[in-house]
Amino acid sequence: MRTDPTVDVAGELRAMTRDVEALDGIERILDRVGRRLDGVAVLVAPPGTTVPADRPVPAALTADVRAVGAGRAGAIAADLDGRPVVLIAVTGPAPRPVLVVRRHTGRDFSPDERALLADASVPLGLAWRERQLQTRAAQLDRVEARNREVVLHQLQAGHIAEARHAAAVLGPDLPDRVRIHIVESADPRVTETLSWCRETAKRWAWVVRCPVHRRHVVVIAHADADALTSSLRARAVQETAFHLGSSEELALRDCITGYTHAFHALSAARHRPERHATFRGHGELSALLAELGSGWAARALAPLRSYQPARPQDPDAGELVHTLASWLTFHGLATRQLKVHRNTLAARLRLIESLLGVELAEVATQARLQLALQVVGAPGGGSDAPLEELLTRPEVRHWAARQRAPLCGADPRLVDTVRTWLDNQAQIGATATALGVSTSGVRKRLGRVEQLIQRSLLDSPSARYDLCLAFGLDNALDSDDAFGPDDAFGVDDA
């Protein structure tokens, strides 16, 4: 194809100037120059920068590209296999990107075409600098997001002082009393939702995208930030793809508990027309056993907590304890929170099993270990009583009855499904086989149970451990303690 040597330089320059602000401004300008000059236009960037590089420059031009980019020459005309090539530096400080245009034919560049090349260096330089600014801004955003995620990680690991120190640098500060909100948004909208939450929260909350559930945004708000809570609820009412789960007020050190409560509330919010819910609890089993159970918990976890690795590069006791806590909360998704490969997680879990002498695949074992992690280190000397004895205490049986209350009077098939699911280690396939129903049928039944207990079962964090302990304390749903659904853990109707 042979182009007309007469070029509307001013018109082409205006068009390229309009392309500067486009997201693909560099590509547009290069395409325009290449088409207008019957050739291929490539932008070669200095080392350490990012620009399109889909068409590599021939090695024969490498020295010329370096000379132009370093400012030793403003432009160089060359010949490559009988076809003319022009190299020209774009505007800006050295080292500069170099525009390389190679003809499809042997026809030389006309004066107007050379003028177009010279003029193109200006908008191309502007577009290139804009791209670098965008790239650097995106890198800074990723760094900040990672740092905020680290703060959340520290809170969930119980490293409160370290989390508060890091938060003070990034802002805002973390208060003593908080309320945890979890916002769920549709996949394409999560980034926009994160920005909206940060803008709305301002200095009243710490906002971070959840590293485990990528559709979730975690908002750690001041306990008295009522205006923020109202704004979050209002958006949930207005936007069908926006769901909100909120915890009650609690201490910052109980952030992981607040996160779990907000997660359960979010599960309930999905089934509510207003699309928001607030967790309402009557106490945790760990709180009931905090004083008397710390001795049992210390004994149960002693082999893990006293572990010393043979090699410095191996995980120590603290890492293993945190790994166990993360896995018990998130299971396979713990790799996202821990930032480790699934094979690394599997190896750590095998080591934990060997140290504790347990089978982690058993839900009953998981429930007891999570309880031990929640209770260990609590104030008080604890007692020498084993867990089985502690679980027979009246206040514990009272707690268990409240857990079972929402299922009183429910379809007996739901209760049977829960029991069978727990007996089969929370495996959907094995449960379906045992019940003689389809896997989708099991999921539907458990989904119905989620609505009744107003807590998450199928997604983690899950209420499976509480149900496992509650059902294990009484083989029959009928109890001396008579409770209705309103007495159980759940969410506020407000």
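Look up: the structure comes first, before these words.
If you're wondering where the values come from, they're calculated on a predicted model, not measured in any experiment. (Residues numbered from 1 in each chain as written. Predicted model: local features only at pLDDT ≥ 70, side-chain atom pairs only at ≥ 80, totals over all residues. Heavy atoms only, no water.)

*Asks:* Account for the packing of aromatic side chains, naming residues and giving values.
*Replies:* For the structure on display, the rule yields 3 aromatic pairs. With centroids separated by 5.9 Å and ring planes inclined at 85°, the aromatic side chains of Trp 196 and Phe 242 adopt a geometry described as edge-to-face. Of this pair, Trp 196 sits in helix H6 (residues 190-201) while Phe 242 sits in strand E8 (residues 242-246), and the two are 46 residues apart along the sequence. Note on Phe 242: relative accessible area 0%, which makes it buried. When the ring centre of Trp 206 is taken as reference, the NZ or CZ atom of Arg 148 above it lies at 4.3 Å. The ring of Trp 196 carries Arg 235 above its face, with NZ or CZ at 4.6 Å from the centroid. (Phe/Tyr/Trp six-rings, centres within 6.5 Å; stacked < 30°, edge-to-face > 60°. Helix = DSSP H or I, 4+ residues; strand = E, 2+ residues; numbered from the N terminus. Buried < 20%, exposed > 50% of the residue type's maximum accessible area, 1.4 Å probe, protein only. Lys NZ or Arg CZ within 6 Å of the ring centre and 35° of its normal.)

*Asks:* Describe the layout of surface pockets, and please don't skip the residues or the numbers.
*Replies:* Looking at the second largest pocket, its volume works out to about 460 Å³. If you trace the second largest pocket, you find 25 residues lining it, with His 331, Leu 458, Asp 459, Ser 460 and Arg 464 closest to the centre. (1 Å grid on protein atoms, 1.4 Å probe; cavity = no way out; pocket = protein on both sides within 12 Å on 5 of 7 lines; lining within 4 Å. Points joined across faces, edges and corners; volume = space filled by probe spheres on them.)

*Asks:* A description of helix H7 (residues 226-238) should follow, citing residues and the corresponding values.
*Replies:* In a regular helix each residue adds 1.5 Å, so 13 residues correspond to 18 Å; H7 covers 18 Å between its end C-alpha atoms and thus fits that length. Residues of H7 that are buried in the fold lie against strand E5 (177-185), H6, strand E6 (205-209), strand E7 (216-222), E8 and strand E10 (276-280). (Expected span 1.5 Å × (residues − 1). Contact = heavy atoms within 4.5 Å.)

*Asks:* Give a detailed account of the pattern of salt bridges, specifying residues and quantitative values.
*Replies:* One pass over the full model with this rule turns up 26 salt bridges. In this structure, Arg 35 and Asp 31 form a salt bridge, with 2.9 Å as the shortest nitrogen-oxygen distance. On the criterion of helical spacing, the pair formed by Arg 35 and Asp 31 is a turn pair, its members being 4 residues apart in helix H2 (residues 25-36). Note on Asp 31: relative accessible area 42%, which makes it partly exposed. Overlapping salt bridges bring together Asp 19, Asp 24, Arg 28 and Arg 32 as one network. (Salt bridge = Lys/Arg side-chain N within 4 Å of Asp/Glu carboxyl O.)

*Asks:* Tell me about the pairing of strand E3 (residues 83-89), and name the residues and values.
*Replies:* Burial runs high along E3: 6 of the 7 residues are buried. In this structure, strand E2 (residues 75-80) lies alongside E3, joined through 6 bridges in antiparallel fashion. Residue pairing in the sheet places Ile 76 in a bridge with Leu 87 of E3. (Pairing = 2+ DSSP bridges.)

*Asks:* I'd like a rundown of the nonpolar core, residues and numbers included.
*Replies:* Grouped together as the largest cluster of nonpolar side chains are 80 residues, with contacts concentrated most on Leu 155, Leu 174, Ile 220, Leu 289 and Leu 324. Aside from chain neighbours lying at most four places away, what touches Leu 174 is Val 151, Leu 155, Ala 163, Arg 164, Ala 167, Trp 206, Ile 220 and Leu 252. Met 16, Leu 37, Phe 109 and Leu 124 belong to the second-largest nonpolar core, a separate cluster that totals 21 residues. (Core = buried A, V, L, I, M, F, W, Y, C linked by side-chain atoms within 4.5 Å.)

*Asks:* Mind laying out the pairing of strand E4 (residues 98-103), listing which residues take part and the relevant values?
*Replies:* Taking burial as the measure, the 6 residues of E4 include 5 buried ones, the bulk of the element. By the bridge criterion, 6 bridges tie strand E1 (residues 39-44) to E4 in an arrangement that is antiparallel. Bridging across to E4, Ala 41 finds its partner in Val 101. Pairing of E3 with E4, which is carried by 5 bridges, proceeds in the antiparallel orientation. Each bridged residue has a counterpart across the sheet, and for Ile 88 the counterpart in E4 is Leu 99.

*Asks:* Explain helix H18 (residues 428-435) residue by residue, including any values.
*Replies:* For H18, the set of buried residues is Ile 428, Thr 431 and Ala 432. The arc enclosing the buried residues of H18, seen along the axis, measures out at 100°, which places them on a common side. Opposite the packed face of H18, turned more than 90 degrees from it, sit the exposed residues Thr 433 and Ala 434. Positive phi appears at Gly 436, one or two residues downstream of H18, with a value of about 75°. (Arc of directions from axis to C-beta.)

*Asks:* Can you break down the side chain of Arg 148 residue by residue, with the values?
*Replies:* Note on placement: Arg 148 falls in helix H4 (residues 111-156). For Arg 148, the contacting residues outside a window of four places in its chain are Leu 170, Gly 171, Arg 198, Trp 206, Val 207 and Val 208.

*Asks:* Can you lay out unusual backbone geometry for me, pointing to particular residues and giving the numbers?
*Replies:* With an omega dihedral of 10°, the bond running from Ser 460 to Pro 461 counts as a cis peptide bond. The residue Pro 461 is located in the loop between helix H19 (439-453) and helix H20 (464-473) in this model. A positive phi is found at Ala 426, a non-glycine position, where the angle reads about 60°. Relative to the elements of secondary structure, Ala 426 occurs in the loop between helix H17 (412-423) and H18. The backbone of Gln 454 sits at a positive phi, close to 55°, despite the residue not being glycine. Inspection of the secondary structure puts Gln 454 in the loop between H19 and H20.

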